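Reading the structure
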Amino acid sequence: MNAPARAAGTGRPAGTALSTPPAPAALSAPAAPAAPAALPSVPRVLTDPGPARAVLVAAAPQLWLVDTTAYRVHAARHAPGTLDAQELARAAEFALAADRDSYVCAHVALRRLLGAYLGLAPREVTVERAPCAHCDEPHGRPVLPGGALHFSLSHCTGISLLAFADAPVGVDVEELVRPEVIADTADVLHPREAAELALLPAPARPLAFTRVWTRKEAYLKGLGVGLSEDPAADYVGTGPVPARMPGWSLADVTVPEGHCAALALRLPPDA
């Protein structure tokens, strides 16, 4: 039997079609890490008497705004049965009525909201002090036992801002800084922030400075160190969008005109 004819230069029989080897599977690029979920930028306004119950959704901080003028009558009426002895004593120390009203409104609101989240009467909520980040003594930021709920509070004349989350969180609200104050406090800025501010026209600087300051303080409060750390060490940016902070999500918060506010939330390790 004759051997089958072979196609020249190949080992296949003549007339047999040359099969094309399967293409290698396409290599997919590694998935980019998901961007952190957007933080809320518009707080809810707390009114009298506030929610009886509140529910926190995982990885979704909740913001509350308190208007001192609208809330102070309610706060003054309920302060004796809501605040603890230390808070009542602290309120009595304020010489100016505006400062006292701001403190009482902020802390009555805080206890009422904590009670709503925890299912407790406001006076039954236990607030402790975390260990200091530097000396480990119990005079750090206010915390709840067990750390199941994290919160942050900031207030200035006329406004209080409160944040609640399932991870460390910080908020800050400030009145716009007066132009003459900026030069005296420029040392709180990162060198890049100082350079950005210097490029702005003078009328735009108070807003930019206050914006960067609230971002810094919210971030440092979230860390639990506050202004015991050098605020100039970290760059948060003076522009409309905050800079990315490793391990944290940072956002500006919408507050009444004449103020700036910011929110910082610690991200989970795999974010």
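Since the model is a prediction, treat every value here as computed from it, not as a measurement.

**Comments concerning the overall build of the protein chain**
The secondary structure content of the protein chain amounts to six helices and nine strands. Looking at the protein chain residue by residue over its 271 residues, the buried ones come to 40%. Pairs at least 24 residues apart make up 60% of the contacts formed inside the protein chain by residues separated by at least 6 positions. For the protein chain, the exposed surface amounts to about 15,100 Å²; the carbon and sulfur share of it is 59%.

**Some remarks on the environment of Val177**
Along the chain, Val177 turns up in the loop between β7 (169-175) and α4 (179-184). On the basis of relative accessibility, which here comes to 17%, the residue Val177 falls in the buried class. Taking the C-alpha atoms as reference points, Val177 and Thr210, separated by 33 residues in sequence, lie 5.9 Å from one another. When residues no more than four places from it in sequence are discounted, the contact partners of Val177 are Ile182, Pro206, Phe209 and Thr210.

**A word on the packing of helix α2 (residues 85-92) against helix α3 (residues 97-118)**
When two helices pack together, you describe them by how their axes are tilted relative to each other and by the distance separating the axes. Contact pair α2 / α3: the axes reach a minimum separation of 9 Å and the direction vectors enclose 160 degrees. Overall, the two elements α2 and α3 adopt an arrangement that is roughly antiparallel. At the point where α2 passes α3, the crossing takes the right-handed sense. Listed contacts from α3 to Glu87, Arg90 and Ala91 of α2 are Arg100, Tyr103, Val104, His107 and Arg111. Along the lines of polarity and charge, the residues of the contact of α2 with α3 split into three nonpolar, one polar and four charged.

**Examining the pairing of strand β5 (residues 150-156)**
Burial of β5 is extensive: five of the seven residues sit out of reach of the surface. With seven bridges connecting them, β5 and strand β6 (residues 159-165) associate as antiparallel partners. Paired with His150 across the bridge in β6 is Ala165.

**Some details on the packing of helix α1 (residues 68-82) against α3**
At a minimum axis distance of 8 Å, the contact between α1 and α3 shows a crossing angle of 65 degrees. When the axes of α1 and α3 are compared, the pair comes out roughly perpendicular. Of the two elements, α1 crosses α3, and the hand of that crossing is left-handed. Residues Thr68, Tyr71, Arg72, His74, Ala75, Ala76, His78, Ala79 and Thr82 of α1 form the contact with α3, whose own contacting residues are Asp101, Ser102, Val104, Cys105, Val108, Ala109, Arg111 and Arg112. Of the residues belonging to the contact of α1 with α3, the class tally is eight nonpolar, five polar and four charged.

**Quick look at unusual backbone geometry**
A cis amide bond links Asp48 to the next residue, Pro49, at an omega of 5 degrees. The topology assignment puts Pro49 in the loop between β1 (44-45) and β2 (62-67).

**Quick look at the sheet that holds β2**
The strands making up a sheet are joined through hydrogen bonds of the backbone, oriented either antiparallel or parallel. Spatially, four strands are ordered β1-β2-β6-β5 in an open sheet, and the strand pairing comes out mixed. Looking at which strands have only one partner, the edges of the open sheet turn out to be β1 and β5. Contacting β2 and β6, α1 runs over the sheet at an angle of about 85 degrees to β2. Most of the contacts of α3 go to β6, to which it runs at about 25 degrees, and overall it touches β2, β5 and β6.

**A look at the nonpolar core**
With 28 residues, the main nonpolar core has Tyr71, Leu114, Leu162 and Phe164 as its most contacted residues. Only β2, α1, α3, β5 and β6 provide two or more residues apiece to this core. A per-element tally of this core places α3 first, with 11 residues. Among all residues touching Leu114, those that are not within four sequence positions of it are Val125, Val127, Leu144, Leu149, Phe151 and Phe164. One finds Leu189, Val225, Leu250 and Ala262 within the second-largest nonpolar core, a separate group that totals 19 residues.

**Some thoughts on the packing of aromatic side chains**
Applying the stated criterion across every chain yields a total of three aromatic pairs. Judged by centre distance (5.7 Å) and plane angle (90 degrees), the ring pair of Tyr219 and Trp248 falls under edge-to-face. Of this pair, Tyr219 sits in helix α6 (residues 205-223) while Trp248 sits in strand β8 (residues 248-252), placing them 29 residues apart in sequence. Comparing Tyr219 with Trp248 shows no difference in burial state: the two are buried. Above the face of the Tyr235 ring, Arg192 is positioned so that its terminal group lies 3.8 Å from the ring centre.

**A short note on the pattern of salt bridges**
Pairing between side chains of opposite charge can happen when the charged atoms of each approach one another. Counted under the stated rule, the structure contains eight salt bridges. The partner of Asp84 in a salt bridge is Arg111, with the nearest N and O atoms 3.2 Å apart. Linking Asp84 in the loop between α1 and α2 with Arg111 in helix α3, this pair joins segments that are 27 residues apart in sequence. Using a relative accessible area of 3% as the deciding quantity, one classes Arg111 as buried. Close ionic contact of Arg90 with Glu93 constitutes a salt bridge, the shortest N to O distance being 3.2 Å. Residue Glu93 is classed as exposed on the basis of its relative accessible area of 56%. One salt-bridge network, held together by shared partners, links Asp84, Glu87 and Arg111.

What counts as what
Residues numbered from 1 in each chain as written. Predicted model: local features only at pLDDT ≥ 70, side-chain atom pairs only at ≥ 80, totals over all residues. Heavy atoms only, no water. Helix = DSSP H or I, 4+ residues; strand = E, 2+ residues; numbered from the N terminus. Buried < 20%, exposed > 50% of the residue type's maximum accessible area, 1.4 Å probe, protein only. Contact = heavy atoms within 4.5 Å. Areas by Shrake-Rupley, 256 points an atom, 1.4 Å probe, with all protein chains shown as cover. Axes fitted to C-alpha atoms, helices over the stretch in contact; angles between N-to-C directions. Parallel < 35°, antiparallel > 145°, perpendicular 65-115°, else oblique. Left-handed = near helix turned anticlockwise from the far one by under 90°. Nonpolar A, V, L, I, M, F, W, Y, C, P; charged D, E, K, R; others polar. Pairing = 2+ DSSP bridges. Core = buried A, V, L, I, M, F, W, Y, C linked by side-chain atoms within 4.5 Å. Phe/Tyr/Trp six-rings, centres within 6.5 Å; stacked < 30°, edge-to-face > 60°. Lys NZ or Arg CZ within 6 Å of the ring centre and 35° of its normal. Salt bridge = Lys/Arg side-chain N within 4 Å of Asp/Glu carboxyl O.

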